[in-house]
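Given next are the chains, with one letter for each unit.
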Amino acid sequence: MLDRLIGFLSSGENLVFFVFSLVAICGAIFMISLTRVVHMVMALALTFLSLGGIYITLGAEFVGWVQVLIYAGAITILMIFGIMMTRHRGEAETEPQRPWHNGLLLVGAIVLFGILFYVIQNATITPQSAPVDPKDNTLQIGQLLFNQYVIPFEIMSVLLTVAFIGAIVVAKREED
Amino acid sequence: MSITPYLTLAAILFCIGLYGALSKKNAIIVLLSIELMLNAVNLNLIAFAKYGPKPGLAGQIFSLFNITVAAAEVAVGIAILINLYRNRGTTDVTDMDTMKR
């Protein structure tokens, strides 16, 4: 067991994956267990950052940096603004008044994880060709995005525009 | 390195996000947990793009679209929360039951 662990950790990619996944899981657990809202957001920012690191080790450099910019940058800041706009008076979340609900939920989540883990362990996924070369990753994504996926790309830009205009309209103070 | 550790990590993150989304009472934390679940899906997509049956860049492009949709979703969600706080004075999801009465 220990030999296998040491053998697993002796490879560079495995070591990086181990460290990043440990940080990601710790951030998620802290997000669940901390009591102050701002601390929860910071813990989840740590998870987002380490997931960006995992993407980069998977050869997806562009998506990794987009993850750092959008999630660890923009969405975290947006959440903090949301917290600031909706003042939390008591701040510390009160103890859960519904132990049955939370207990059943914990059991359900663990059962779901068990099913997923069983399926993942039993699946045999064999690549039919070698992994793509991560060199010029950004160039290849750009070419695909403006050739093969140009219509989804444009629809996505329309969706973003509509969503942000809608957000401004919803959040605007009604003057009357 | 095979695909299994990545899928397992994504399953762990998804289950933690599911638990947080259904058990937390603060609506902002519920939104954050949904983001965590979306991130687990992105990790699956990128892992399959490298180690899946047909390696390619399609998984990475799908995850980019996914990140865009997540950004739009969180912007609209925060706007609704701010407006709801202005009208009702609460961010507790158990108090948001006007349509249930």
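Think of each chain on its own: its residues are numbered from 1, step by step along the sequence as written. Both sets of labels track the order of writing: A upward for chains, 1 upward for ligands. Note on the predicted model: pLDDT of at least 70 is required for a residue's local features to be given, and 80 or more for side-chain atom pairs to be given and counted; whole-chain, interface and lining totals, by contrast, use all residues. Based on all heavy atoms of the structure, the side-chain values leave hydrogens and waters out of the count.

Going by an unreviewed UniProt entry, chain B carries the name NADH-quinone oxidoreductase subunit K and comes from Gordoniibacillus kamchatkensis. UniProt positions are given in the numbering used here, feature names are shortened, and annotations may be inferred rather than shown by experiment. Quoted straight from UniProt, the Catalytic activity (unreviewed entry) entry for chain B says "a quinone + NADH + 5 H(+)(in) = a quinol + NAD(+) + 4 H(+)(out)". Its UniProt record gives chain B the following Sequence similarities (unreviewed entry) comment, quoted word for word: "Belongs to the complex I subunit 4L family."

Named according to an unreviewed UniProt entry, chain A is NADH-quinone oxidoreductase subunit J originating from Gordoniibacillus kamchatkensis. Under the Sequence similarities (unreviewed entry) heading, UniProt states for chain A: "Belongs to the complex I subunit 6 family."

Asker: Please clarify how the overall build of chain A should be interpreted in this entry.
Answerer: Each helix and strand counted, chain A has 7 helices and 0 strands in total. Counting from the amino terminus, chain A carries its helices and strands in the arrangement α-α-α-α-α-α-α. Two things to know: the radius of gyration comes from C-alpha atoms, and the globule rule equals 2.2 Å times the number of residues to the power 0.38. The C-alpha atoms of chain A give a radius of gyration of 21 Å, which is well past the 16 Å a tight globule of 176 residues would have. Seen through its C-alpha atoms, chain A measures out along the principal axes to roughly 65 × 50 × 25 Å. Accessibility here uses a 1.4 Å probe with only protein chains present; expressed as a share of the type maximum, an area under 20% marks a residue as buried, one over 50% as exposed, and anything in between as partly exposed. For chain A, the residues scored as buried account for 27% of the 176 residues in total. Any two residues having at least one pair of non-hydrogen atoms within 4.5 Å are treated as being in contact. By sequence separation, contacts in chain A at least 24 residues apart represent 54% of the contacts at least 6 residues apart. Helix and strand assignments come from DSSP, with helices taken as H or I runs of at least 4 residues and strands as E runs of at least 2, each series counted from the N terminus.

Asker: Quick question: what am I supposed to make of the interface of chain B and chain A here?
Answerer: Put simply, an interface is often sized by how much accessible area is lost when its parts join up. Counting residues at the interface gives 70 residues for chain B, matched by 80 residues for chain A. Defined in terms of a 1.4 Å probe, buried area is the accessible area two parts forfeit on being brought together, summed over both. When chain B packs against chain A, the two sides together hide about 6900 Å² of surface, and 77% of this comes from carbon and sulfur. When residues of chain B are sorted by the area they lose upon contact with chain A, Tyr19(B), Leu32(B) and Phe65(B) head the list and together hold 9% of the total. By definition, a salt bridge exists where a carboxyl oxygen of Asp or Glu is found within 4 Å of a side-chain nitrogen of Lys or Arg. Our count for the chain B to chain A interface comes out at 0 salt bridges. Polar contacts here mean pairs of N or O atoms no more than 3.5 Å apart (in protein, one a potential hydrogen donor and the other a potential acceptor; neighbouring residues in sequence count only if both atoms are side-chain atoms). Across the contact surface, chain B and chain A share 10 residue pairs in polar contact (both at pLDDT 80 or more). Put simply, the parts of the chain that give the side of chain B that touches chain A at least two residues each are helix H1 (4-23), helix H2 (27-51) and helix H3 (58-88) of chain B. If one sorts the elements of the side of chain B that touches chain A by residue count, H3(B) sits on top with 24 residues.

Asker: Please clarify how the nonpolar core should be interpreted in this entry.
Answerer: In a soluble, globular protein the nonpolar side chains are often hidden away together inside. Side-chain atoms within 4.5 Å are what join buried Ala, Val, Leu, Ile, Met, Phe, Trp, Tyr and Cys residues into a set we call a nonpolar core. If you look at the biggest cluster of nonpolar residues, it comprises 57 residues, and the most contacted ones within it are Ile54(A), Leu58(A), Val63(A), Met79(A) and Leu43(B). Looking at this core, the elements that each hand over two or more residues are helix H2 (12-33), helix H3 (37-57), helix H4 (61-85), helix H5 (99-122) and helix H6 (137-147) of chain A together with H1, H2 and H3 of chain B. Among the elements that make up this core, the one with the highest residue count is H2(B) (11 residues). Boundaries of every domain are those given by an automatic assignment or by a domain database. Shared between two domains, this core takes at least three residues from each, and those domains are domain 1 (1-93) and domain 2 (135-176) of chain A. Residue contacts for Met79(A): discarding those within four places in its chain leaves Val41(A), Ile28(B), Leu31(B), Leu32(B), Val74(B) and Ile78(B).

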